[in-house]
Amino acid sequence: MARSLCPGAWLRKPRYLQARFSYVRMKYLFFSWLVVFVGSWIIYVQYSAYTELCRGKDCKKIICDKYKTGVIDGPACNSLCVTETLYFGKCLSTKPNNQMYLGIWDNLPGVVKCQMEQALHLDFGTELEPRKEIVLFDKPTRGTTVQKFKEMVYSLFKAKLGDQGNLSELVNLILTVADGDKDGQVSLGEAKSAWALLQLNEFLLMVILQDKEHTPKLMGFCGDLYVMESVEYTSLYGISLPWVIELFIPSGFRRSMDQLFTPSWPRKAKIAIGLLEFVEDVFHGPYGNFLMCDTSAKNLGYNDKYDLKMVDMRKIVPETNLKELIKDRHCESDLDCVYGTDCRTSCDQSTMKCTSEVIQPNLAKACQLLKDYLLRGAPSEIREELEKQLYSCIALKVTAKQMEMEHSLILNNLKTLLWKKISYTNDS
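Fair warning: this is a prediction, and the values are worked out from it, not measured in the lab.

Rules and cut-offs
- Residues numbered from 1 in each chain as written.
- Predicted model: local features only at pLDDT ≥ 70, side-chain atom pairs only at ≥ 80, totals over all residues.
- Heavy atoms only, no water.
- Helix = DSSP H or I, 4+ residues; strand = E, 2+ residues; numbered from the N terminus.
- Buried < 20%, exposed > 50% of the residue type's maximum accessible area, 1.4 Å probe, protein only.
- Contact = heavy atoms within 4.5 Å.
- Areas by Shrake-Rupley, 256 points an atom, 1.4 Å probe, with all protein chains shown as cover.
- Disulfide = S-S within 2.5 Å.
- Pairing = 2+ DSSP bridges.
- Phe/Tyr/Trp six-rings, centres within 6.5 Å; stacked < 30°, edge-to-face > 60°.
- Lys NZ or Arg CZ within 6 Å of the ring centre and 35° of its normal.
- Axes fitted to C-alpha atoms, helices over the stretch in contact; angles between N-to-C directions.
- pLDDT = per-residue confidence, 0-100.
- Core = buried A, V, L, I, M, F, W, Y, C linked by side-chain atoms within 4.5 Å.
- Expected span 1.5 Å × (residues − 1).
- Arc of directions from axis to C-beta.

What about the overall build of the protein?
Here is step 1: Counting its secondary structure elements, the protein contains 15 helices and 13 strands.
Here is step 2: Within the protein, buried positions represent 44% of all 428 residues.
Here is step 3: If you take every contact in the protein between residues at least 6 apart in sequence, the share linking residues at least 24 apart comes to 64%.
Here is step 4: As displayed, the protein offers around 22700 Å² of accessible surface, 56% of which is attributable to carbon and sulfur atoms.

Here it is, written out as structure tokens:
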């Protein structure tokens, strides 16, 4: 009888379920479409940024046009522009005006670097070494003698490095490097390439430290494009993900991932010793002191033997050069007196000008970077002493009395502590 009172009741339930199913399906389709739309938009924006960031074709065209018209010359020119046995691979650029690629040159892996734009001086809001096409490769001019070119290079070094007693020796070294075809003479094209390259601190540093273990070797150049040896692992943490995946990984989780993918502790100790040795190389080196103005993990790499190799030295600048350019800079606070991420001076409130003395030495910045890297997984018997040494190192100030003595003492203590622990292992 109940069924006869409500003859359509059994039909209403399926209709309700059908309507609910349609609603859920529409909701699912809407959110799916939204995710696809947002994801596509993010990928499109990132791809657009990528194409702006990676301008290798433009760089090659500028360089090869200059080479084919006889303006520039160098050992990499023929391979890049004629035989095409030097080519660009994966893009590693982080700034549009500093192009960087993994490359292959005659079946040898390397890193290709090329500058796209130029500024005429150090600008603390931009890059240190920009350039403009209008003034590119304008020096030396036709008719310049070798002696005149040497005087030009000497004056440049004096401005960048200070009045060092052995600058003439460095000038002769540069002429040897500039002679790309090793015929005993520097042609006008080779001189123009060398002059453009000498505006770049990384190139200058590679020449100065060419015999040092942790500096990448120069393989060749053409204009201000240069090729340096590649490094197997291009970060302290040894993990590289496709850029699309990087978009969706939170920074905190990425830091945890980095720590998980580090080498074993003895190998980390060997890499850390390499960084300490590099700090020694640039601290009061043969041609003055250089300042490390970006000591992030992405600028450091290592090879398959866990020897540290510098990946990017473009933010390592001559102290004399930096001091000269910052000392009269207008400032409101100490935040206005920063170059890169790590070279900081203070703002003199009485004159509203930046002081010229950098606050932290290279060693303190290196120890700050190594602190978490070395303490994670450190053997219990040295952990306390290692932590104490690292914190003493981080506390170093340039203005401290007897800073150089403290610098040497802390650096040697750290190296000794680490070597003592790993010297009898296979990793050493």
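Moving on, there is more to tell.
A few points about the state of the cysteines
Here is step 1: All told, the structure shown has eight disulfides when counted by the stated rule.
Here is step 2: Between the sulfur atoms of C59 and its disulfide partner C114 the distance amounts to 1.6 Å. Around the S-S axis, the bridge from C59 to C114 shows a dihedral of about 110 degrees and counts as right-handed. With C59 in helix α3 (residues 56-68) and C114 in strand β3 (residues 108-115), this pair connects stretches of sequence that are 55 residues apart. For the pair shown, C59 and C114 are each scored as buried.
Here is step 3: Through a disulfide, C64 is tied to C81; the S-S separation comes to 2.1 Å. Disulfide C64-C81: torsion about the S-S bond near -85 degrees, hence left-handed. In this pair, C64 is assigned in helix α3 and C81 in helix α4 (residues 77-81), connecting sequence segments 17 residues apart. In terms of burial, C64 and C81 fall into one category: buried.

Some points on the pairing of β3
Here is step 1: Along β3, six of the eight residues are buried, which leaves the element largely enclosed by surrounding structure.
Here is step 2: Bridging between β3 and strand β5 (residues 225-229) involves four bridges; their strand directions are antiparallel. Paired with K113 across the bridge in β5 is Y226.

A word on the packing of aromatic side chains
Here is step 1: For the structure shown, the criterion picks out five aromatic pairs.
Here is step 2: Ring centres of Y302 and Y306 lie 5.5 Å apart, and the angle between their planes is 20 degrees; this geometry places the pair in the stacked category.
Here is step 3: A relative accessible area of 3% means that Y302 is categorised as buried.
Here is step 4: Through a chain of ring-to-ring contacts, the aromatic side chains of F203, F221 and Y226 assemble into a single cluster.
Here is step 5: If you follow K268 out to its NZ or CZ, it ends over the ring of Y373, 5.4 Å from the centre.

As for the sheet that holds strand β2 (residues 98-105)
Here is step 1: Read across the sheet, five strands follow the order β1-β2-β3-β5-β4 without closing on themselves; strand pairing throughout is antiparallel. The open sheet is flanked by β1 (86-91) and β4 (218-222), the only strands paired with a single partner. Across the sheet, the axes of successive neighbouring strands diverge by a mean angle of 30 degrees, strand direction being ignored.
Here is step 2: Sheet topology note: the β1/β2 ladder contains four bridges and is antiparallel. Along β2, the bridge assignment pairs Y87 with I104.

Points about the confidence of the model for the protein
Here is step 1: Averaged over all residues, the pLDDT of the protein equals 83, while 77% of them reach at least 70.
Here is step 2: Summarising per-element confidence for the protein, the mean pLDDT is lowest in helix α1 (residues 2-5) (46) and highest in α4 (96).
Here is step 3: The model gives residues 1-6 a pLDDT under 50, and that stretch makes zero contacts with residues more than four places away or in other chains.
Here is step 4: Across residues 43-50 the pLDDT falls below 50, and counting only partners more than four positions away or on other chains, this stretch makes six contacts in the model.

Overview of the environment of G340
Here is step 1: Relative to the assigned elements, G340 resides in the loop between β10 (338-339) and β11 (343-344).
Here is step 2: In the structure, G340 is positioned 24 residues away from I316 in sequence and 9.4 Å away in space, judged by C-alpha atoms.

Observations regarding the nonpolar core
In a soluble, globular protein the nonpolar side chains are often hidden away together inside.
Here is step 1: F157, W265, F278, L363, L386 and L418 are the most contacted members of the largest nonpolar core, which has 76 residues in total.
Here is step 2: Looking at which element gives the most residues to this core, the answer is helix α11 (residues 265-282), with ten residues.
Here is step 3: Beyond its immediate chain neighbours, meaning those up to four positions away, L386 contacts W265, L374, L375, A378, L414, L417 and L418.

What about helix α15 (residues 403-422)?
Here is step 1: Taking 1.5 Å of rise per residue, the 20 residues of α15 would be expected to cover 28 Å, and the 29 Å separating its terminal C-alpha atoms lies within 8% of that figure.
Here is step 2: Among all positions in α15, only M403, H407, I410, L411, L414, K415, L417, L418 and I422 are buried. Projection of α15 onto a plane perpendicular to its axis shows the buried side chains occupying an angular sector of 160 degrees, all on one side. Within α15, the exposed residues directed more than 90 degrees away from the buried face are M405, L409, T416 and K420.
Here is step 3: Looking at the packing, one finds that the buried side of α15 touches α11, α13 (362-375) and α14 (380-394).

Let's talk about the environment of F149
Here is step 1: Structurally, the position occupied by F149 is in helix α5 (residues 146-161).
Here is step 2: Placed 26 residues apart in sequence, F149 and L175 show a C-alpha to C-alpha distance of 9.4 Å.
Here is step 3: Setting aside residues no more than four positions away along its own chain, F149 makes contact with P140, T144, L175, A191, A194 and W195.

Structural notes on α11
Here is step 1: Over its 18 residues, α11 extends 26 Å from the first C-alpha to the last, a length consistent with the 26 Å expected when each residue adds 1.5 Å.
Here is step 2: Where burial is concerned, most of α11 is hidden: 14 out of the 18 residues are buried.
Here is step 3: H284 occupies a position one or two residues after α11 and carries a positive phi of about 50 degrees.

What to know about the side chain of S79
Here is step 1: Of note, S79 is situated in helix α4.
Here is step 2: Looking at S79, the relative accessible area reads 9%, which means it is buried.

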